[in-house]
Amino acid sequence: MVIVPSRFFDDDIYLTVHSLPSLPLKKVEQTPLLYGTGEQERGSDGRLRIHADLVASSWFLLTRYEELMARSTSFDEHGRFIGKSSFAYKAGILDTPLIDRYGVLLRSWLRSCTEEAVSEPKPSYAAVNLTTDLDAPFFCRSIRSLVREILRATPLRKGSGYPLIALRSILGNAQNDPYFTFPILRDLRFQLQQFLSGECTVRQWLFIRSCLPHTKDCLYDRPQYSLHEGDLQYVLDYCRNQDIRIGLHVSYSAAGNATLLTRELSELQKEVSYPIQDIRYHYLRLPSRFSSEMTQAFAESGITDEWSPAYADVAGFRLGTSRPVRLMDPNDGMLHSLTLHPLTVMDCTMSDPAYMHLREEEALGYIERLAHSVRTHHGELNLLIHNHTLASPPALARMPNNYHRRLLRSLPRTLTGTSD
Ligand SMILES: [Zn+2]
C-alpha cells in the first residue's frame, strides 16, 4: 500500500500560506481530508495507491500547525488560540477525532492488502479522568471574604452577597465550605468505575497552583492561596486519603516562562513530598509553540504529561485525536518526551455566554456525542470540572448559566450509554 504525498511537506510549500488547507474539504470513504484526494487505484503490481494524504492531514492537526501561521487576531486577550478561528471549527470537523478515523481507514486498507490479521480496537475508553483545577479553593475562609460578602449584600452591590453562608463557612471546618465539592466528584468516580469495571480505570485529579510571589500582581492569578495554610493542607490530605492525583496548575504568569514554571513545580513538590509529573495551564494557556528552553526544563524537572489541549471557547478534538500524543514541533519536526492529553470538555466552555453558551440539555447532548466518539476509538475521556462550579446554591460560583451540579447527575448514564 502506498500513500501518495501531497505537496504539503515540499520545501517551497511547507510553512508558507500555500501549505494551508482549503474548503470545502475532499473526502476519502466519507471521511474528511485536509490534503490529497479520495482517489484510490490498484497498480499492476497489486499495490494499492491511496491519494489521500493522511500523513499531512494528521501532521497539521497533531502539531497545531496553523497556530504558527496565524495572525494575532486569531488569539484572544489571554494569548490563547481561539477555537472558533481554527480551521477544524470552520470546516465543521472539530467534534470529530479525524486522526482516529484515519486509523480505521488505514487498518481496513491493510486488511485488503495482507493476509495478516489487522484488528480494530474494541470500542471502550482507554481511561477516564475526572480533573479539577483549583482556581478558587474556598468560598469563604477568612474575615476578608466575609466582609466581601457583607458588602456585596448591600443594595449598592445589588444584593449579590451571601453573608450568612459565608459566616457558616468561616465558623465551620474546611469541608463545610461550599467550594469543597471534591466528594461529589469522588462519588461520580466511584459510580463511573462501577459502570466501567473491566473496561478502564477512572481516575480523579486535582491541579493546584503554587501562588508564588511572581503571581501576586496578576489579576488572573487571583485568588491567591498558600499551600502552607491549614485549609490547603486539609485539601492535600483529602487527596492523599481519597487517592486523588495531584498535578501543577501552571499560573497565568508562568505560562511562557520555564524558570517560573519549574519554581512553581518544586514548591508544590515540597508540599506533597513526591515528584509531580503532570501539569495543566491556568486559563488553558497552552503555548502555541514550546520553546527549546521549555521542553528542556520539562525534561530536567520530570514533567512528562500535559493536560490542557482543548480550546477554551469551543469543545472538541483540538489535536484531531482522542488519544494521548507526544509533543511534536512543526518547525523542526522534533518529537519530544512530553505527552499531551486531549481535554475532551471543560465545564465553563459549555455554559459561558462568551463560549458555547449551551443550555443544560444541549450541553449534555454535546458531551454525549464527544464521549461516544472517544469510546468508539478507544480514546481517553478527560473532563475538567471546577470545584466552585459545583457549589450549592450555584449562584455562589459567580458564573452565569451554572447548571453543572445538576448536569453531573446525568453524567454516569450519558458517559456509559446506560439507561435507568
Ligand atoms: Zn485555572
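Since the structure is predicted, the reported quantities are computational estimates derived from the model, not experimental observations.

*Asks:* Could you clarify how one ought to interpret the overall build of the protein in this entry?
*Replies:* Along the backbone of the protein there are 13 helices and 14 strands. For 420 residues, the compact-globule estimate of 2.2 N^0.38 gives 22 Å, and the C-alpha radius of gyration of the protein, at 23 Å, lies within 12% of that figure. Burial status across the protein gives 40% buried among its 420 residues. Put simply, of all contacts in the protein between residues at least 6 apart along the chain, 72% involve residues at least 24 apart.

*Asks:* Explain the sheet that holds strand β8 (residues 245–250) here, please?
*Replies:* Overall, mixed pairing links the 9 strands, which are arranged β11-β12-β10-β9-β8-β7-β6-β14-β13 in an open sheet. Strands at the two margins of the open sheet, each flanked by one partner only, are β11 (325–328) and β13 (345–346). Relative to strand β14 (residues 380–384), strand β6 (residues 127–134) is paired through 5 bridges, and the arrangement is parallel. If you follow N129 over to β14, its bridge partner there is N382.

*Asks:* Teacher, can you tell me more about the packing of helix α1 (residues 54–62) against helix α4 (residues 98–113) here?
*Replies:* Any two packed helices are characterised by how steeply their axes cross, that is the angle between the axes, and by the distance between the axes. At their nearest, the axes of α1 and α4 sit 10 Å apart, and the two run at 155° to each other. As the angle between them shows, α1 and α4 are arranged roughly antiparallel. Here the hand of the crossing between α1 and α4 comes out left-handed. Where α1 approaches α4, its residues L54, S58, L61 and L62 are matched on the opposing element by L98, I99, Y102 and L106. The residue inventory of the contact of α1 with α4, partitioned by class, reads 7 nonpolar, 1 polar and no charged.

*Asks:* Sorry, what's going on with the sheet that holds strand β1 (residues 2–3) here?
*Replies:* Strands pair in a sheet through their backbones, by hydrogen bonds, and they do so in one of two ways: parallel or antiparallel. Pairing is mixed across the open sheet formed by 3 strands, whose spatial order is β1-β5-β4. Since the sheet does not close on itself, it has two edges, and those belong to β1 and β4 (36–42), each with one partner. By the bridge criterion, 4 bridges tie β4 to strand β5 (residues 48–52) in an arrangement that is antiparallel. Residue pairing in the sheet places E41 in a bridge with R49 of β5.

*Asks:* Hey, could you run me through the domain arrangement of the protein in this one?
*Replies:* It is common to report an interface's size as the accessible area lost on association of the parts. Each assigned domain of the protein is listed here: domain 1 (2–69 + 95–113) and domain 2 (127–139 + 178–416). Of the residues lining the interface, 14 residues belong to domain 1; the matching set on domain 2 comes to 18 residues. For the side of domain 1 that touches domain 2, the secondary structure elements donating two or more residues are α1, α2 (65–69) and α4. Residues of the side of domain 1 that touches domain 2, tallied by class, amount to 7 nonpolar, 3 polar and 4 charged.

*Asks:* I'm lost on the nonpolar core in this one. Help?
*Replies:* A general tendency of soluble globular proteins is for nonpolar side chains to be buried together. Membership of the largest hydrophobic core comes to 93 residues, with the highest contact counts inside it found for L248 and M346. Lining this core are residues from two domains, each supplying at least three of them: domain 1 (2–69 + 95–113) and domain 2 (127–139 + 178–416). In this structure M346 touches A310, A312, A315 and L384, once residues within four positions along its chain are discounted.

*Asks:* Is there a simple way to explain helix α13 (residues 404–416) in this structure?
*Replies:* A turn of α-helix holds 3.6 residues, and therefore any two residues three or four places apart point the same way. A rise of 1.5 Å per residue sets the reference length of α13, with its 13 residues, at 18 Å; its end C-alpha atoms lie 18 Å apart and thus fit the reference within 8%. Along α13, the largest kink reaches about 50° and is centred on S410; proline P412 follows within four residues of it. Turning to α13, its buried residues number three or more, namely H404, L407, L408, L411 and L415. Next to the buried residues of α13 lie α7 (182–195), α11 (347–351), α12 (360–376) and β14.

*Asks:* How should the environment of D53 be read in this particular structure?
*Replies:* The topology assignment puts D53 in the loop between β5 and α1. The sequence separation of D53 and I3 amounts to 50 residues, and the corresponding C-alpha distance is 6.5 Å. Ignoring any residue separated from it by four or fewer positions in sequence, one finds D53 in contact with I3, P5, S6, F8, Y35 and G36.

*Asks:* Which parts of the structure should I look at to understand the pairing of β5?
*Replies:* By the bridge criterion, 2 bridges tie β1 to β5 in an arrangement that is parallel. In the strand pairing of β5, V2 is matched with R49. What sits between the antiparallel neighbours β4 and β5 is a turn of 5 residues, in which G46 has the positive phi angle 90°.

*Asks:* How should I be thinking about the packing of α7 against α13 in this particular structure?
*Replies:* Running from N to C, α7 and α13 cross one another at 25°; their axes reach a closest spacing of 10 Å. With respect to their mutual orientation, α7 and α13 come out roughly parallel. α7 and α13 meet at a crossing whose hand is right-handed. Where α7 approaches α13, its residues I184, L188, Q191, L192 and F195 are matched on the opposing element by L408, L411, P412, L415 and T416. Counted by class, the contact of α7 with α13 contains 8 nonpolar, 2 polar and no charged residues.

*Asks:* Explanation requested: helix α10 (residues 292–301) in the structure shown.
*Replies:* Buried residues of α10: M294, F298 and S301, and no others. Across the axial projection of α10, the buried residues extend over an arc of 85°, all falling on one side. Facing away from the buried surface of α10 by more than 90 degrees, the exposed residues are E293 and E300. Tucked inside the fold, the buried residues of α10 contact α9 (258–272) and β12 (335–340). Immediately beyond the C-terminal end of α10, within one or two residues, lies G302, with a positive phi of roughly 85°.

*Asks:* Sorry, what's going on with the environment of E120 here?
*Replies:* Tracing the chain through its elements places E120 in the loop between α4 and β6. Residue classification places E120 among the partly exposed positions, given that 13 C-beta atoms sit within 10 Å. Residues E120 and V104 lie 16 residues apart in sequence; the distance between their C-alpha atoms is 7.3 Å. In contact with E120, other than residues within four places in its own chain, are V104 and R107.

The rules behind these values
Residues numbered from 1 in each chain as written. Predicted model: local features only at pLDDT ≥ 70, side-chain atom pairs only at ≥ 80, totals over all residues. Helix = DSSP H or I, 4+ residues; strand = E, 2+ residues; numbered from the N terminus. Rg over C-alpha atoms; globule rule 2.2 N^0.38 Å. Buried ≥ 20, exposed ≤ 12 C-beta atoms within 10 Å, placed from the backbone. Contact = placed C-beta atoms within 7 Å. Pairing = 2+ DSSP bridges. Axes fitted to C-alpha atoms, helices over the stretch in contact; angles between N-to-C directions. Parallel < 35°, antiparallel > 145°, perpendicular 65-115°, else oblique. Left-handed = near helix turned anticlockwise from the far one by under 90°. Nonpolar A, V, L, I, M, F, W, Y, C, P; charged D, E, K, R; others polar. Domains from an automatic or database assignment. Core = buried A, V, L, I, M, F, W, Y, C linked by C-beta atoms within 7 Å. Expected span 1.5 Å × (residues − 1). Bend = angle between axes of the 7 residues up to and from the residue. Arc of directions from axis to C-beta.

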